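# Breakdown of the fold
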Amino acid sequence: YRFLGEPVVQACVENGASCIDISGEPQFLEGMYLKYNEKAAEKGVYIVGSCGFDSIPADMGVLYTRDKLKGTLTAVESFLSVKSGPEGVCVHDGTWKSAVYGLADEDNLKKLRKKIGYTPVPVVGAKLKKRGFLFYNQEFKEYCIPFMGSDGSVVRRTQRYLHNELQETPVQYGAYVNIGGLGSVIKLMFAGMLFLLLVKFNFGRKLLTKYPEFFSAGRFTKEGPTQKQMDGTSFTMTFFGEGYSEGQDPQNGKPNVKICTEVKGPEPGYIATPIAMVQAAVSLLEDAASLPKRGGVYSPGAAFSKTKLIDRLNKRGVEFSVISKPEV
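Residues numbered from 1 in each chain as written. Predicted model: local features only at pLDDT ≥ 70, side-chain atom pairs only at ≥ 80, totals over all residues. Heavy atoms only, no water.

Another aspect to go through is the nonpolar core. Ranked by internal contacts, the top residues of the largest apolar core, which has 46 residues, are Ile 56, Met 60, Phe 304, Leu 313, Val 318 and Phe 320. Per element, the largest residue contribution to this core is six residues, and it comes from helix H3 (residues 56-68). Ignoring sequence-local partners within four residues, the contact set of Val 318 consists of Phe 235, Val 263, Lys 264, Gly 265, Pro 266, Ala 272, Ile 275 and Leu 313. Among the nonpolar cores identified, the runner-up in size contains 13 residues, and Phe 28, Met 32, Ala 40 and Ile 47 belong to it. (Core = buried A, V, L, I, M, F, W, Y, C linked by side-chain atoms within 4.5 Å. Buried < 20%, exposed > 50% of the residue type's maximum accessible area, 1.4 Å probe, protein only. Helix = DSSP H or I, 4+ residues; strand = E, 2+ residues; numbered from the N terminus. Contact = heavy atoms within 4.5 Å.)

Written out as structure tokens, the structure reads:
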């Protein structure tokens with residue numbers, strides 16, 4: 001998307017067509033907002049990015065958790081687990097390239113956000129503590145790290161929109177991924193340090209993009225996954241939410257309700273992503289009355305919070321459910 005995405009958005013806006021994409025690149029997504037939000041509003045079209053595995057499960061999962069809590073949800077942490085069959089997991093190197101170029105260009109993302117001039121979203125309720133780069137999660141009996149994808153930035157954009165435009169209580173969010181036991185941690189630390197070192201230099205980026213299989217220990221390849229690998233892979237995203245029961249003032253005292261929800265589905269990149277994208281498109285066409293009043297460049301949660309998107313996904317194998325009811 002960084003190199004090839006903009007002409008599509010531009011053509012759609014100029015010709016009055018709405019557009020959905022599956023980008024997981026914050027710089028592209030937020031750059032399109034800066035350049036085309038007003039033009040899309042004038043044309044009455046909706047440009048909705050990140051409508052694949054990045055970041056519909058996370059963005060709609062937070063809204064689902066909020067809607068299932070009787071009271072005010074103020075903070076959520078999500079934990080992603082990907083399970084694979086005997087053939088293992090594999091991803092096409094397009095995703096790898098997105099990560100290489102995205103990390104290499106982090107400074108420009110900061111500049112872009114300054115240009116946009118985001119207003120700070122107020123913290124309601126107890127402040128969500130940021131976790132360290134690596135920690136042990138008792139719930140899953142596994143080590144976890146922050147999720148490096150676009151979920152965090154997409155959810156924040158949705159929460160900002162819902163707060164500023166619809167006066168809804170903003171939800172704080174932290175995204176993490178379960179990586180397994182100590183052996184996985186050691187492998188990941190070694191690969192991660194090498195990746196972060198190489199990504200800083202032009203020759204390093206060339207090496208990383210030329211030999212994805214070598215540098216990712218076989219996780220990313222130029223061929224992508226086999227059918228058997230896809231059939232054996234699934235994901236679960238678990239959301240732990242906390243907030244304040246009805247009648248409790250979120251500005252006073254500690255959170256007094258908790259809730260746990262889950263989004264689960266088939267292989268994320270090639271099965272769940274097209275399901276999410278197609279159902280987002282159907283929602284755009286069939287739930288027109290429930291979309292934001294004016295066109296523009298939106299995150300999925302901002303565009304679809306009032307639509308039947310979650311119901312549609314539930315019927316097609318990307319399932320949202322409550323694991324434990326709100327407990328005071």
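Turning our eyes to something else, we now look at the pattern of salt bridges. Applying the stated criterion to the full structure yields twelve salt bridges. A salt bridge links Asp 67 to Arg 66, with the nearest nitrogen and oxygen atoms 3.1 Å apart. You can call Arg 66 buried: its relative accessible area is 16%. What emerges from the salt-bridge pattern is a single network uniting Arg 66, Asp 67, Glu 168 and Lys 306. (Salt bridge = Lys/Arg side-chain N within 4 Å of Asp/Glu carboxyl O.)

The subject of this paragraph is the sheet that holds strand S11 (residues 296-298). Two modes of strand pairing occur in sheets, parallel and antiparallel, and in both the strands are linked by backbone hydrogen bonds. The three strands lie next to each other as S1-S2-S11, forming an open sheet whose pairing is parallel. Across the chains shown, the open sheet's two edge strands, defined by having one partner strand only, are strand S1 (19-20) and S11. Pairing of S1 with strand S2 (residues 46-48) involves two bridges; the strand directions are parallel. Paired with Cys 19 across the bridge in S2 is Ile 47. (Pairing = 2+ DSSP bridges.)

Here we come to the packing of helix H2 (residues 26-43) against helix H5 (residues 106-116). Remark: H2 packs on H5, axes separated minimally by 10 Å, with the N-to-C direction vectors making an angle of 25°. With respect to H5, the axis of H2 lies roughly parallel. Regarding H2 and H5, the two cross each other, and that crossing is left-handed. Across the interface between the two elements, Pro 26, Gln 27, Glu 30, Gly 31, Tyr 33 and Leu 34 from H2 touch Asn 108, Leu 109, Leu 112, Arg 113, Lys 115 and Ile 116 from H5. Tallied by class, the residues present in the contact of H2 with H5 amount to six nonpolar, three polar and three charged. (Axes fitted to C-alpha atoms, helices over the stretch in contact; angles between N-to-C directions. Parallel < 35°, antiparallel > 145°, perpendicular 65-115°, else oblique. Left-handed = near helix turned anticlockwise from the far one by under 90°. Nonpolar A, V, L, I, M, F, W, Y, C, P; charged D, E, K, R; others polar.)

Here the focus is the environment of Ala 288. Looking at where Ala 288 falls in the secondary structure, it is placed in the loop between helix H11 (268-286) and S11. When the C-alpha positions of Ala 288 and Lys 130 are compared, they lie 38 Å apart, and in sequence the two are 158 residues distant.

Quantified by volume, the second largest pocket comes out at close to 590 Å³. Around the second largest pocket, the lining comprises 29 residues; the ones closest to its centre are Tyr 33, Tyr 161, Glu 165, Tyr 298 and Ala 302. Counting only elements with at least two residues in the lining of the second largest pocket, the list comes to H2, helix H6 (151-166), S11 and helix H12 (300-304). Considering only residue class, the lining of the second largest pocket consists of 13 nonpolar, ten polar and six charged. (1 Å grid on protein atoms, 1.4 Å probe; cavity = no way out; pocket = protein on both sides within 12 Å on 5 of 7 lines; lining within 4 Å. Points joined across faces, edges and corners; volume = space filled by probe spheres on them.)

Another aspect to go through is H2. Note on helix geometry: an α-helix contains 3.6 residues per turn, so any two residues three or four positions apart are oriented the same way. Across its 18 residues, H2 extends 24 Å between first and last C-alpha, which sits within 8% of the 26 Å expected from 1.5 Å per residue. Residue Tyr 36 marks the point of greatest curvature in H2, where the axis turns by about 60°. Among all positions in H2, only Gln 27, Phe 28, Leu 29, Glu 30, Gly 31, Met 32, Tyr 36, Asn 37, Ala 40 and Ala 41 are buried. Against helix H1 (6-14), S2, H5, H6 and S11 lie the buried residues of H2. Where H2 terminates, the next one or two residues include Gly 44, which has phi positive at roughly 70°. (Expected span 1.5 Å × (residues − 1). Bend = angle between axes of the 7 residues up to and from the residue.)

Moving on, we come to unusual backbone geometry. A cis amide bond links Asp 54 with the next residue in sequence, Ser 55, at an omega value of 0°. By the element assignment, Ser 55 lies in the loop between S2 and H3. For Ser 50, which is not glycine, the phi dihedral falls at a positive 50°. Mapped onto the elements of the fold, Ser 50 is located in the loop between S2 and H3. Looking at Ser 50, the relative accessible area reads 1%, which means it is buried. Backbone geometry at Gln 167 places phi at a positive 55°, although glycine is not the residue there.

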